[in-house]
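Single-letter residue listing:
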Amino acid sequence: MSTKHEQILQHIYHLGVGEKISVRSIAKTLNLSEGTAYRAIKEAENQGLVTTIERVGTIRVEKKKENFEHLTFAEVVNIVDGHVLGGREGLHKTLQRFVIGAMKMEAMMRYVEPGNLLIVGNRYQVHQIALEAGAAVLITGGFDTNEETIAYANELSLPIISTSYDTFTVASLINRAIYDQLIKKEIVLVEDILIPLQDTHFLTTDHMVERWHQLNTDTSHSRFPVVNNHMKVQGMVAAKDILSMKESTPVEKVMTPEPITVHAHTSLASAAHVMVWEGIELLPVIDDESRLIGVISRQDVLKALQVAHRQPHVGDTIDDVVTGHVEEAPGGSVYDYVCHLTPQMTNPIGMISYGVLSTLVTEVGSRLLRRHRKGDLVVENLSLYFLKPVQIESKIEMKGKILEVSRKSGKVDVELYFEDELVGKGLMMAQLLER
C-alpha cells in the first residue's frame, strides 16, 4: 500500500502538462494535510515534475532528462527576472531557439519559427506577427504590449514576457543558463545507472536464511539489501554473513545493520569513492524517506565512469579552463609540465588564486599517477603551500614526484616554479579505482 507522500506524487504525475497546482488544492483533492502536500510538491519539484514561477504559481511541466540544451519558457521567466503579460498556459512549453529581433520586420520573420522565442523591444506589430508564427515573445527594456496582443497570446497559449534587462543582457543570461545545463549533463549521477526496484532482488526482515539461498541460486548474486514492510533499508546480507547459519535463522539476525546507502542524485564519482574506500561491491539506492528504489554495483559504477570520460566535451568548468592550459614540458626540460596563467586564473590582486593552485597540483599529480596505473582516481587529501606570489600572465613550470603508490592509493609531491624559483608546493593523496 502506497504512502500519502507517494499518492500525492502519483496524482501530480498524472496531471496534464501546464496545469496549475497549489498546496491547498492538493490537500483538498486528496483529503490530506497541507504540510504533507507541501513536502510532496517540493519533492515533485526536485524530480522535475513541476516548477514554481514568481507571480504565476506552481505548474506541471514535462520532465526532461536528456534535453539539457533546451529550457522551458517558465525557466526563461526566472532567468531574466521577467513577468508574464499573457499566454501563461504555455509556460511549460520548451524553447527550441531564441531569435534577436534587431532587423527589419520582413527580414526578422524569416528566422522566426514555431517554438522559438523572439527577443525584441516595444514593437507591437512584431509581437503580433511572432505569435502568429507560433513563437513566444520576450520584450526587453521594461516595455509591455497592447491588450489585443495579450489576448491573442492567451488564446494561443504562447507566453509573452517582459523584462527590464536590455537585449544583450537577456541573450547572455539565456546562453549562460543553457551552458550551465550542458556542463551538468556531463556529471553522471547514480540515477543514470541504477538497477531499478523492479529488477532488484532483496530480502525482508521477515525472511529466513533459506530465502537467501533461493535468491543466490536464482541470480548467482551473493549480496542483497534487506528492507522492512515499508521498503525502508534495514541492512545488507552477503555470503560471509550466512556461513554455517541454519536455513531457519531469521535474516534480521545475520544482516549487517545500518548499511551505507546513496541517493539517486548522488554523483557517480562520489559513490565510486565510497565503494572503493569501504570495499563495498553493492550499494542500496534510497529516496528521501529511506525507501529502497534500486541498487548499484561497483562494476557498473567503474564502467560508467570510463564511458563518461570518453563522451564528447560540451561545456567548460573552471577546472577545464585551468587544465586546458597545462601542457607537457618540452623535451630536455627538468620540469614535467608547464602552464601559462590567464587573467581568469588570478585573484582580485592579480596573483594566482588558491583554487587554481589546487587544480594545478591535482592535475599534475593525477597525470603522474595515471602513468603508473591506468584507471580513475579520487583525490582524498590535498595540502598546499604558497611560497611566493605569482603574477598574471606568468609561465608556471611544474615538477612532480610519486612518493608512494599501492594497489589502492597513491601519494604525489608537486612543486611549482616561476623562472626556476620555487613558488608553490602541494602534496596530493588519492584513492585509485580499479577497473
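Residue positions are given per chain, counted from 1 along the sequence in the order it is written. Only residues with pLDDT of at least 70 are given local features in this predicted model, and only at 80 or more are side-chain atom pairs given and counted; all residues enter the totals for whole chains, interfaces and linings. Each side-chain value is derived from all of the structure's non-hydrogen atoms; neither hydrogens nor water enter the calculation.

Right, let's talk about the sheet that holds strand β8 (residues 116–120) for a bit. Strand order in the open sheet formed by five strands is β5-β10-β9-β8-β7, with mixed pairing between adjacent strands. One side of each edge strand has no neighbouring strand; the edge strands of this open sheet are β5 (83–86) and β7 (97–100). The sheet shows a mean angle of 25 degrees between the axes of neighbouring strands, direction not considered. Pairing of β8 with strand β9 (residues 136–139), which is carried by four bridges, proceeds in the parallel orientation. Within β9, the position partnered with Leu117 by the bridge is Ala136. Two residues form a contact once any of their heavy atoms are found within 4.5 Å. Think of each axis as a best-fit line through the C-alpha atoms, taken over the contacting stretch in the case of a helix, with angles from 0 to 180 degrees between the N-to-C directions. Strands are runs of DSSP state E lasting at least 2 residues, helices are runs of H or I lasting at least 4, and numbering of each runs from the N terminus. On top of the sheet, helix α7 (residues 147–156) reaches β5 and β10 (160–162); it is set at about 90 degrees to β5, its chief contact. In short, DSSP must find at least two bridges between two strands for them to pair.

Let's shift gears to the sheet that holds strand β24 (residues 421–433). The six strands are arranged β19-β20-β22-β23-β24-β21 in an open sheet whose pairing can be described as antiparallel. The open sheet has two edge strands, β19 (326–328) and β21 (376–386), and neither has a second partner. Each strand of the sheet is rotated relative to its neighbour by a mean of 30 degrees, with strand direction disregarded. Two elements, β19 and strand β20 (residues 337–340), share three bridges in a ladder whose sense is antiparallel. Bridge pairing in β20 links Glu328 to Tyr337. In this fold helix α12 (residues 268–278) packs onto β21 and β24, with an angle of close to 70 degrees to the strand it touches most, β24.

For the rest of this paragraph, the subject is the pairing of β9. For each residue, the accessible area found with a 1.4 Å probe, counting protein chains only, is set against the maximum for its type, and the residue is called buried under 20%, exposed over 50%, and partly exposed in between. Of the two faces of β9, the one holding Ala136 and Leu138 and the one holding Val137 and Ile139 are both buried throughout. With the strands aimed away from the viewer, a crossover counts as right-handed if its path from the first strand over the helix to the second runs clockwise. Each parallel crossover has a hand, and the one from β8 via helix α6 (residues 124–132) to β9 is right-handed. Sheet analysis places β9 next to β10, joined by three bridges and oriented parallel. Bridged to Ile139 within β10 is Ser162. Once the chain exits β9 it traverses α7 before rejoining the sheet at β10, and the crossover so formed is right-handed.

We now examine the packing of aromatic side chains. Classification of ring pairs rests on two measures: the distance between centres of Phe, Tyr or Trp rings, Trp counted by its six-membered ring, which must be within 6.5 Å, and the angle between planes, read as stacked under 30 degrees, edge-to-face over 60 and tilted in between. Tallied over the full model, the rule gives two aromatic pairs. Both rings, one in Tyr335 and one in Tyr417, keep their centres 5.3 Å apart while their planes meet at 50 degrees; by these two values the pair is tilted. Placement of the pair is Tyr335 in the loop between β19 and β20 and Tyr417 in strand β23 (residues 409–418), with a sequence separation of 82 residues. A single burial state applies to Tyr335 and to Tyr417, both of which are buried. For the ring pair Tyr354 and Phe386, a centre distance of 6.0 Å and an interplane angle of 45 degrees mean the geometry is tilted. Here Tyr354 is found in helix α15 (residues 354–372), whereas its partner Phe386 is found in strand β21, with 32 residues between them in sequence. The exposed category is assigned to Tyr354, whose relative accessible area is 52%.

It is worth spelling out α6 at this point. Taken together, the buried positions of α6 are Val126, His127, Gln128, Ala130 and Leu131. If you follow the buried residues of α6, they end up packed against α5 (105–109), β8, β9, α7 and β10. Of the residues trailing α6, Gly134 is marked for its positive phi of about 90 degrees.

The next subject is the nonpolar core. Nonpolar side chains in soluble globular proteins tend to end up buried together. By size, the foremost hydrophobic cluster in this structure holds 26 residues, and its most contacted members are Leu360, Leu369, Ile396, Met398 and Leu416. Only β20, α15, β21, β22 (395–405), β23 and β24 provide two or more residues apiece to this core. At seven residues, α15 tops the list of elements feeding residues into this core. Apart from the residues lying within four places of it in its own chain, the contact partners of Leu369 are Leu377, Ile402, Val405, Gly410, Val412, Met428, Ala430 and Leu432. Within this scheme, the nonpolar core is defined by two criteria: the residues are buried Ala, Val, Leu, Ile, Met, Phe, Trp, Tyr or Cys, and they are joined through side-chain atoms within 4.5 Å. Counting residues in hydrophobic clusters, the runner-up holds 22 residues, among them Ile59, Leu71, Ala136 and Leu138.

Bringing the pairing of β20 into the picture now. Here β20 pairs with β22 via four bridges, running antiparallel. Residue pairing across strands places His340 opposite Lys395, the latter belonging to β22.

What follows deals with the packing of helix α1 (residues 4–13) against helix α2 (residues 23–30). Contact geometry of α1 with α2 gives a least axis separation of 11 Å together with a crossing angle of 110 degrees. In terms of their interaxial angle, α1 and α2 are classed as roughly perpendicular. Contacts between α1 and α2 involve Gln7, Ile8, His11 and Ile12 from the first element and Ile26, Thr29 and Leu30 from the second. With respect to orientation, any angle under 35 degrees is reported as roughly parallel, any angle over 145 as roughly antiparallel, any angle of 65 to 115 as roughly perpendicular, and every other angle as oblique.

Here the focus is the side chain of Thr249. Following the sequence through the fold, Thr249 ends up in the loop between α10 (239–242) and α11 (251–254). Identification of polar contacts relies on pairs of N or O atoms within 3.5 Å, with a donor-acceptor requirement for protein atoms, meaning one able to donate a hydrogen and the other able to accept it, and with residues adjacent in sequence counted only if both atoms are side-chain atoms. A distance of 3.0 Å separates a polar side-chain atom of Thr249 from the backbone oxygen of Lys246. Ignoring sequence-local partners within four residues, the contact set of Thr249 consists of Met208, Val209 and Val254.

Okay, the environment of Ile100 next. Secondary-structure assignment places Ile100 in strand β7. Between the C-alpha atoms of Ile100 and Val170, which are 70 residues apart in sequence, the distance is 9.9 Å. Beyond its immediate stretch of four places on either side in the chain, Ile100 contacts Leu118, Ile119, Thr167 and Ala171.

Another point: the environment of Ala27. Structurally, the position occupied by Ala27 is in helix α2. On the basis of relative accessibility, which here comes to 7%, the residue Ala27 falls in the buried class. Setting aside residues no more than four positions away along its own chain, Ala27 makes contact with Leu32, Ser33, Glu34 and Ala37.

Right, let's get into the domain arrangement of the protein. Note: domain ranges come from an automatic or database domain assignment. According to the domain assignment, the protein contains domain 1 (4–60), domain 2 (73–186), domain 3 (191–307) and domain 4 (318–433). Measuring from the centre of the C-alpha atoms in domain 1 to the corresponding centre in domain 4 gives 48 Å.

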